[in-house]
Amino acid sequence: MYVMHNSEYPLSCFALFENGPCLIADANFDILMVKLKGFFQNAKANKIESRGTRYQYCDFLVKVGTVTMGPSARGISVEVEYCPCVVANDCWNLLMEFMQSFMGNHTPGIPSVFGNKHDSIYSPADSMVQYMELFNKIRKQQQVPVAGMR
């Protein structure tokens, strides 16, 4: 289980289970987890976060952040939201066109979270699942051994 926070929702705490649901609780969830430390162990070495800047351009919200693991930077995150749309599949083509305007050929494909939600409303939990996928990719890159040069 991964416990995550999002500055856009400061009074909420998100608990994500691997390949499972996302629980949304109030900020006191962290206190509950401390009391359950006999059942859940905190993995401090795996703390990963994305911090950055939030921009608004017309109806688009763009958040660009630096992903850090401990003291070192590991990557960049870009989150794009089209504010008038609540069903992500309805505006995916528009989001792609907007992202291509500043990301070029680095524009990502459709997120896997959309596959499960064809015509349903996009929620903050969906964003947290996408951040979790990004963080797991970055963690796996960290674990890949680098071959030495001679």
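- The name given to the protein chain in an unreviewed UniProt entry is Mediator of RNA polymerase II transcription subunit 20, with Alligator sinensis as the source organism.
- The record held by UniProt for the protein chain lists under Subunit (unreviewed entry) the comment "Component of the Mediator complex."
- UniProt lists a comment for the protein chain under the heading Sequence similarities (unreviewed entry), and it reads "Belongs to the Mediator complex subunit 20 family."

1. Overview of the packing of aromatic side chains
Consideration 1: Tallied over the entire structure, the rule returns six aromatic pairs.
Consideration 2: With 6.2 Å between their ring centres and 20° between their planes, Tyr57 and Phe98 make a pair best called stacked. With Tyr57 in strand E4 (residues 48-57) and Phe98 in helix H2 (residues 92-103), this pair connects stretches of sequence that are 41 residues apart.
Consideration 3: Three or more aromatic residues joined by ring pairs form one cluster here, namely Tyr57, Phe60, Tyr82, Phe98 and Phe102.

2. Regarding the sheet that holds E4
Consideration 1: Here three strands make up an open sheet; going across it, the order is E4-E5-E6 and the pairing antiparallel. With one partner strand each, in any of the chains shown, E4 and strand E6 (72-82) form the two edges of the open sheet. Strand after strand, the sheet turns through a mean of 20° between neighbouring axes, direction not considered.
Consideration 2: Looking at chain direction, strand E5 (residues 60-69) and E6 are connected through 10 bridges and run antiparallel. Bridged to Phe60 within E6 is Tyr82.
Consideration 3: Of the strands in this sheet, E4, E5 and E6 are in contact with H2, which crosses E6 at around 135°.

3. Thoughts on the pairing of strand E3 (residues 22-26)
Consideration 1: Bridge count for strand E2 (residues 12-16) against E3 is five bridges, and the pairing is antiparallel. Across the sheet, Phe14 pairs through a bridge with Ile24, a residue of E3.

4. Remarks on a nonpolar patch on the surface
Consideration 1: Side chains of Met1, Val3, Phe17, Leu23, Phe39 and Phe40 sit close together on the surface and give an oily, nonpolar patch of about 560 Å² of accessible area.
Consideration 2: Along the polypeptide, Phe17 turns up in the loop between E2 and E3.
Consideration 3: By relative accessible area, Phe17 is classed as partly exposed at 36%.

5. Notes on the pattern of salt bridges
Consideration 1: Inspection of the entire model under this criterion finds four salt bridges.
Consideration 2: Among the ionic pairs, Lys63 bridges to Glu8, the shortest N-O distance being 3.7 Å. Of this pair, Lys63 sits in strand E5 while Glu8 sits in the loop between strand E1 (2-4) and E2, and the two are 55 residues apart along the sequence.
Consideration 3: On the accessibility criterion, Lys63 (14% relative accessible area) is buried.
Consideration 4: Three or more residues joined by partner-sharing salt bridges are found here, namely Glu8, Arg54, Lys63 and Glu79.

Conventions and cut-offs
Residues numbered from 1 in each chain as written. Predicted model: local features only at pLDDT ≥ 70, side-chain atom pairs only at ≥ 80, totals over all residues. Heavy atoms only, no water. UniProt positions renumbered as here; feature names shortened; annotations may be inferred. Phe/Tyr/Trp six-rings, centres within 6.5 Å; stacked < 30°, edge-to-face > 60°. Helix = DSSP H or I, 4+ residues; strand = E, 2+ residues; numbered from the N terminus. Pairing = 2+ DSSP bridges. Axes fitted to C-alpha atoms, helices over the stretch in contact; angles between N-to-C directions. Contact = heavy atoms within 4.5 Å. Patch = residues over 30% accessible without salt bridge, like charges linked within 9 Å, V, L, I, M, F, W, Y side chains within 5 Å. Areas by Shrake-Rupley, 256 points an atom, 1.4 Å probe, with all protein chains shown as cover. Salt bridge = Lys/Arg side-chain N within 4 Å of Asp/Glu carboxyl O. Buried < 20%, exposed > 50% of the residue type's maximum accessible area, 1.4 Å probe, protein only.

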